[in-house]
Amino acid sequence: MERSVNMAPESPARPVDLDRLRARFAAGEPLPETALPASVARSWLRSRDAGLRPWQTARYEMQRERDESRADRRLHRCVAQEIEPLWAAFGGSEWTIMCVNPHGTIVHARRSPQCDDVLLTPIVAGRRIVEPNIGTTAPSCVIHDGSEAIVAGAQHYLDELSRVFCLAVPLVGFDGEVIGALDITGVGRRNIAQLRESFRHASLSAEQRLYAMLRDCHLLQVQFDPRWLGTPLAGVIALDEAGRVRAVSRLARQMLDLAPAGPAAPVDLRQLFPGATPAQQRRLLTPARTPQRIARDDGSHVWVRTVRAPLDRAAATRDADVLEDAEDVCNAAPAGRPHANASLHEQSLDAIRRALDEHDGNVSAAARQLGISRTTLYAKLRQRDAAGLGHDGSR
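Summarised in this report is the structure supplied together with it.

Definitions and limits used
- Residues numbered from 1 in each chain as written.
- Predicted model: local features only at pLDDT ≥ 70, side-chain atom pairs only at ≥ 80, totals over all residues.
- Heavy atoms only, no water.
- Helix = DSSP H or I, 4+ residues; strand = E, 2+ residues; numbered from the N terminus.
- Contact = heavy atoms within 4.5 Å.
- Core = buried A, V, L, I, M, F, W, Y, C linked by side-chain atoms within 4.5 Å.
- Buried < 20%, exposed > 50% of the residue type's maximum accessible area, 1.4 Å probe, protein only.
- Disulfide = S-S within 2.5 Å.
- Polar contact = N/O pair within 3.5 Å; in protein donor to acceptor, adjacent residues only side chain to side chain.
- Phe/Tyr/Trp six-rings, centres within 6.5 Å; stacked < 30°, edge-to-face > 60°.
- Salt bridge = Lys/Arg side-chain N within 4 Å of Asp/Glu carboxyl O.

1. Structural notes on the environment of alanine 367
Relative to the helices and strands, alanine 367 resides in helix H13 (residues 363–370). In this structure the C-alpha to C-alpha distance between alanine 367 and leucine 377, which are ten residues apart in sequence, comes to 6.2 Å. Residue contacts for alanine 367: discarding those within four places in its chain leaves Ile372, Ser373, Arg374 and Leu377.

Written out as structure tokens, the structure reads:
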């Protein structure tokens, strides 16, 4: 069946009557070479092979018993804080921003309460967006191909979705695998260049939160330009307590010329940074405010900063619930404080304070931004008060 699709470039070379083409394709005809972006053409083929026909109605399958896996909860925590700023910039009454897992199940969705569009209202956590039920979507292309995708109007396989626009970017896990997709879907127009840039940064920031959850690891940031350390454009390296590589983010893999996917080889710092002096290698296991400029074999240099040491068991146990919901490697406090673990606890409280400040003390809005329930946020506020921390963070 794959022979019936001629791979096309990512942008059609000329306008095509996709409505007529869709009907002929459903009848078994091959797709013209320049009709669709390659990822969309492959999705059409998968949709047709699953038995779906363009004139059918989309089915948003709901899990009968919602049983979130640990991976889904982790994915939700990584993206929840990113979706709120995206919504503030690009949301609207006929738009929704969501995150799906690798199986197409929605783990988090943000939509206006005023939305009444029949194609958008079914998009809620727990429903599945998969090709046998709904045909081609940007998230389905991302899940299958691992790269960002745009599906606009008649590029959708189902006729009824021909007025919908969607853009999705991948979320990448520890081994370079796709662990989900971050998507915006709606009716109308948006600036694609702005969407791409904002959603790319949001996905990289969410992936950094994933690394922050590795509490038993050293976390290092790497960049060619030190100005980008501490931002979503920094690569992240996780080292175990012995200093061996445990995981490397996709940006760090690119900067260090490592394989783009697959488990990271358990090399040590000497092998990872062969140009580092012995003194630099020792300092790479100590959190520091100042980055180190480390030479590479090809004559170039990278800047590396260690932002966090492994958490001791007592600290991880004491602050487990707060760390689980609010830790963020981008904002990890540098060393120079008496205790690195205490600074991470303060960081968690800072995330809560910032969310409350941004929403003028509105607990419901702050909880949505943090990706937690109001009950959980109230519990954290009680913990803060019991510890003697005021709203301004003073003791």
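2. Notes on the nonpolar core
One broad trend across soluble globular proteins is that nonpolar side chains are buried collectively. Ranked by internal contacts, the top residues of the largest apolar core, which has 35 residues, are Leu31, Leu36, Trp44, Tyr60, Tyr157 and Leu161. Those elements giving two or more residues to this core turn out to be helix H1 (18–26), helix H2 (38–49), strand E2 (95–100), helix H5 (138–145), strand E5 (149–152) and strand E6 (165–172). If you look at the next biggest cluster of nonpolar residues, it comprises 32 residues, including Leu75, Leu86, Ile97 and Leu210.

3. Points about the state of the cysteines
For the structure shown, the criterion picks out zero disulfides. Free cysteine: cysteine 99, not disulfide-bonded; nearest cysteine sulfur from cysteine 78 at 8.9 Å.

4. Notes on the environment of asparagine 133
With respect to the helices and strands, asparagine 133 occurs in helix H4 (residues 131–134). For the pair asparagine 133 and leucine 158, spaced 25 residues apart in sequence, the C-alpha separation works out to 9.9 Å. Once residues lying within four places of it in the same chain are set aside, the contact partners of asparagine 133 are Leu52, Thr57, Ala58, Arg59, Glu61 and Leu158. A polar atom in the side chain of asparagine 133 sits 3.0 Å from the side chain of glutamate 61.

5. Describing the packing of aromatic side chains
On inspection of all chains with the given rule, the structure shows six aromatic pairs. Taking 5.7 Å as the distance between ring centres and 50 degrees as the angle between the ring planes, the aromatic pair formed by phenylalanine 25 and tryptophan 44 counts as tilted. One end of the pair, phenylalanine 25, is in helix H1; the other, tryptophan 44, is in helix H2, and 19 residues separate them in sequence. Note on phenylalanine 25: relative accessible area 1%, which makes it buried. Considering the side-chain rings of phenylalanine 174 and tyrosine 211, the 5.0 Å spacing of their centres and the 90 degrees angle between planes classify their relative orientation as edge-to-face. One end of the pair, phenylalanine 174, is in the loop between E6 and strand E7 (178–186); the other, tyrosine 211, is in helix H6 (residues 192–212), with 37 residues separating them in the sequence. For tyrosine 211, a relative accessible area of 1% translates into the label buried.

6. What about the pattern of salt bridges?
Inspection of the entire model under this criterion finds 18 salt bridges. The residue arginine 163 makes a salt bridge to aspartate 117 at a minimum N-O spacing of 2.8 Å. Linking arginine 163 in the loop between E5 and E6 with aspartate 117 in the loop between strand E3 (106–111) and strand E4 (127–128), this pair joins segments that are 46 residues apart in sequence. In this structure aspartate 117 comes out as buried when scored by relative accessible area, which is 9%. In this structure, a network of salt bridges that share partners links the residues Asp19, Arg22 and Asp159.

7. Details of the side chain of histidine 218
Within the fold, histidine 218 resides in strand E8 (residues 218–223). Aside from chain neighbours lying at most four places away, what touches histidine 218 is Ile237, Ala238, Leu239, Asp240, Glu241, Leu285, Arg308, Ala309 and Pro310.

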